[in-house]
Amino acid sequence: MSNGEGLYLAAAVLVLALLLKAPVLRRSWDQPIMRSVCALLGVGCVLTVLAAPPSIAAVNRITGVVNFAAPLVYSTLTAFSGASIVLILHWSGGPAASVRRATRLTVVVFGALSVLIVFLFARGDAPVERLRDLDTYYANTPWLREMIVCYLVAHTVASAALFLLSLKWLLRVDPALRALRTGLASLMLGGLLDIGYSIAKWAAVGARWSGRDWDGLSTYVAPPLASGAALLVGAGFIVPMLGGSATWRDFSQYRRLRPLWRALRGFASRSVTTVPLTWWSPMGIRLIHRESVIDDGLLALAGWFDPAVRSGAYGAARGQGLTDEAASVVADAAMLAAACRARTAADAAGTAPARPTGTGPTSDGPGPGACAGPVEPAPYRLDGQPLEALAHAFHTSPIVARARRGEPSPQPASPAGRVP
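Residues numbered from 1 in each chain as written. Predicted model: local features only at pLDDT ≥ 70, side-chain atom pairs only at ≥ 80, totals over all residues. Heavy atoms only, no water.

Draft legend 1. A look at the overall build of the chain. When helices and strands are tallied, the chain shows 17 helices and 2 strands. For the chain, with 420 residues in total, the buried portion stands at 45%. By element, 64% of the accessible surface of the chain is carried by carbon and sulfur atoms, the whole surface being about 20700 Å². (Helix = DSSP H or I, 4+ residues; strand = E, 2+ residues; numbered from the N terminus. Buried < 20%, exposed > 50% of the residue type's maximum accessible area, 1.4 Å probe, protein only. Areas by Shrake-Rupley, 256 points an atom, 1.4 Å probe, with all protein chains shown as cover.)

Take a look at the structure:
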């Protein structure tokens, strides 16, 4: 990615994050954390576009000033570093007064460094255009040397702060908040890559000061680290946004219900399965449709549930050491799998009714097994089991797989517990 493709990709990720957060930003502009998010993502988009070599050449050409892009990129990078720290300060919380003081100090320090970078460039002399190695080429040039040191100091401090603050927060955040933990881990890794970028730059510039040539660290090692850091930081803010949103929760539940939907859609009535869905249908509507298909399929199989299958599966699950609750879920899923198999066989033979008659098949009739009576499953549940837990057991349990194949469940030597 020598022509900046990685930086342009990082810019696209940051733009996506900004678009995803735009509705919330509009509604909550008065909140400091929302303004911090907007500032960070906006500055990050500008930075990743400007830092690519083609963009640097275009800026120099448009302005007519040789290396004009250098102070522009360095000051923008410094502003991005400050915005990262400000957002982490607001995001991690704490006493409001302390957060305000730390925010003001960060803005003043990094703002002053951005202005100082522009001033130092204006005082220096950089007559030769350098698109990829300006740091090392002008490492010993008066004023430009100080400019390079300023931006490297700012970026190193910000990277270390981003890494440490993300790690500190990650260690104390609730493990149940998986989306937030994933985002913080991504931010932490992004900060770590940024530290690697700073180390590579410092090593290359320091080698120039001592008369050695380690320019490859700055020209070839540092840029991929910067691109990776930008991608991880962008992802670090996107994941919690999606993970905490209703749309993402609906999508996660929609995906987890797929095993049940695939098994039951063939038994649901056409009035449910043929409800039109377009590619732009909201995820909430898609979830409701999938739940409706599953619920209708459960009603169609209500007369085919065999308590004997459930009893055997429950005993096998308890024999494997599962808790009463987990064994009950597996038992219901096994009973459902057996009902799907029996109903499919009856449909093939032309003996199955279109809808349950209110009493299940008995051992004396043509049905596949005995059933104590009509089963009235609650909406979206089977015997009180949440659909997601039922779908997971239906898809992953070996006991359910045996019931699906029509094999009896293996029983323990002694009963593990009473079948509820």
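Draft legend 2. Representation of the packing of aromatic side chains in the model. If you walk through the whole model with that rule in mind, you get 3 aromatic pairs. Measuring from ring centre to ring centre gives 4.0 Å for tyrosine 74 and tyrosine 151, while their planes differ by 5 degrees; the resulting arrangement is stacked. Of the two residues, tyrosine 74 sits in helix α4 (residues 69–92) while tyrosine 151 sits in helix α7 (residues 144–172), which places them 77 residues apart along the sequence. Relative accessible area serves as the criterion here: at 7%, tyrosine 74 is assigned to the buried category. On the basis of an interplanar angle of 75 degrees and a centroid distance of 4.9 Å, the ring pair of tyrosine 137 and tyrosine 138 is categorised as edge-to-face. By relative accessible area, tyrosine 138 is classed as buried at 4%. Residue placement shows arginine 130 over the ring face of tyrosine 137; its charged tip is 4.3 Å from the ring centre. One cation-aromatic arrangement involves arginine 212 over tryptophan 214; the distance from NZ or CZ to the ring centre is 5.4 Å. (Phe/Tyr/Trp six-rings, centres within 6.5 Å; stacked < 30°, edge-to-face > 60°. Lys NZ or Arg CZ within 6 Å of the ring centre and 35° of its normal.)

Draft legend 3. Main features of the side chain of serine 75. Counting through the fold element by element, serine 75 comes out in helix α4. Assessed through its relative accessible area of 13%, serine 75 is described here as buried. Engagement of the side chain of serine 75 in a polar contact is seen with the backbone oxygen of proline 71, the distance being 2.7 Å. When near neighbours in sequence (up to four residues on either side) are disregarded, serine 75 contacts Ser114, Ile117 and Val118. (Polar contact = N/O pair within 3.5 Å; in protein donor to acceptor, adjacent residues only side chain to side chain. Contact = heavy atoms within 4.5 Å.)

Draft legend 4. Local environment of unusual backbone geometry. We note that asparagine 67 has phi near 65 degrees; this positive angle belongs to a residue other than glycine. Inspection of the secondary structure puts asparagine 67 in the loop between α3 (53–63) and α4. On the basis of relative accessibility, which here comes to 1%, the residue asparagine 67 falls in the buried class. Its identity is not glycine, yet tryptophan 143 carries a phi of approximately 70 degrees, on the positive side.

Draft legend 5. Focus on a nonpolar patch on the surface. Together, Val65, Phe68 and Leu72 make up an exposed nonpolar region whose accessible area comes to about 200 Å². With respect to the element layout, phenylalanine 68 can be found in the loop between α3 and α4. (Patch = residues over 30% accessible without salt bridge, like charges linked within 9 Å, V, L, I, M, F, W, Y side chains within 5 Å. Salt bridge = Lys/Arg side-chain N within 4 Å of Asp/Glu carboxyl O.)

Draft legend 6. Here's a closer look at the packing of helix α13 (residues 283–301) against helix α15 (residues 324–349). The N-to-C vectors of α13 and α15 enclose an angle of 70 degrees; their axes lie 10 Å apart at closest approach. On the basis of their axis angle, the class for α13 and α15 is roughly perpendicular. Relative to α15, the crossing made by α13 is left-handed. Across the interface between the two elements, Leu298, Ala300 and Leu301 of α13 pack against Leu336, Ala339, Cys340 and Arg343 of α15. Split into classes, the residues belonging to the contact of α13 with α15 amount to 6 nonpolar, no polar and 1 charged. (Axes fitted to C-alpha atoms, helices over the stretch in contact; angles between N-to-C directions. Parallel < 35°, antiparallel > 145°, perpendicular 65-115°, else oblique. Left-handed = near helix turned anticlockwise from the far one by under 90°. Nonpolar A, V, L, I, M, F, W, Y, C, P; charged D, E, K, R; others polar.)

Draft legend 7. Structural context of the environment of arginine 132. With respect to the helices and strands, arginine 132 occurs in the loop between α5 (96–123) and α6 (134–137). Residue arginine 132 is classed as partly exposed on the basis of its relative accessible area, which comes to 36%. Between the alpha carbons of arginine 132 and proline 53 there is a distance of 6.6 Å; along the sequence they are 79 residues apart.

Draft legend 8. Representation of the packing of helix α14 (residues 307–319) against α15 in the model. Closest axis-to-axis distance for the α14/α15 pair is 8 Å, and the angle between their directions is 140 degrees. Between α14 and α15, the interaxial angle falls into the category oblique. Of the two possible hands of crossing, α14 and α15 adopt the one that is right-handed. Residues Pro307, Val309, Arg310, Ala313, Tyr314, Ala317 and Arg318 of α14 lie in contact with α15, whose contacting residues are Asp324, Ala327, Ser328, Val330, Ala331, Asp332, Ala334, Met335 and Ala338. Looking at side-chain class alone, the contact of α14 with α15 contains 11 nonpolar, 1 polar and 4 charged residues.

Draft legend 9. The arrangement of the confidence of the model for the chain in detail. Mean pLDDT for the chain: 81, with 82% of residues reaching 70 or above. The low-confidence segment residues 354–381, where pLDDT is below 50, has 52 contacts with residues more than four positions distant or belonging to other chains. (pLDDT = per-residue confidence, 0-100.)

Draft legend 10. Structural view of the nonpolar core. Core analysis: the biggest nonpolar cluster contains 57 residues, and Tyr74, Trp91, Met147, Tyr151, Leu184, Leu187 and Phe237 have the highest contact counts within it. For this core, the elements supplying multiple residues, two or more each, are α1 (5–27), α2 (32–50), α3, α4, α5, α7, α8 (178–209) and α9 (215–243). In terms of residues, this core owes the most to one element, α7, which gives 13 residues. Once residues lying within four places of it in the same chain are set aside, the contact partners of leucine 184 are Ser166, Trp169, Leu170 and Val173. (Core = buried A, V, L, I, M, F, W, Y, C linked by side-chain atoms within 4.5 Å.)

Draft legend 11. Summary view of the pattern of salt bridges. One pass over the structure, following the stated rule, counts 9 salt bridges. Between aspartate 332 and arginine 310 there is a salt bridge, with its nearest N and O atoms 2.5 Å apart. With a gap of 22 residues between them, aspartate 332 in helix α15 and arginine 310 in helix α14 connect regions that are remote in the sequence. Across the pair, exposure class does not vary: aspartate 332 and arginine 310 are buried alike. In this structure, arginine 402 engages glutamate 407 in a salt bridge whose closest nitrogen and oxygen atoms are separated by 3.7 Å.

Draft legend 12. Highlighting helix α17 (residues 398–405). Among all positions of α17, only Ile399, Val400, Ala401 and Ala403 are buried. Summarising the contacts, the buried residues of α17 are in contact with α14, α15 and α16 (387–396). In the stretch just after α17, glycine 406 is the one whose phi turns positive, near 85 degrees.

Draft legend 13. Structural detail: the environment of proline 259. Its place among the elements puts proline 259 in helix α11 (residues 258–264). Between the C-alpha atoms of proline 259 and alanine 393, which are 134 residues apart in sequence, the distance is 9.6 Å.

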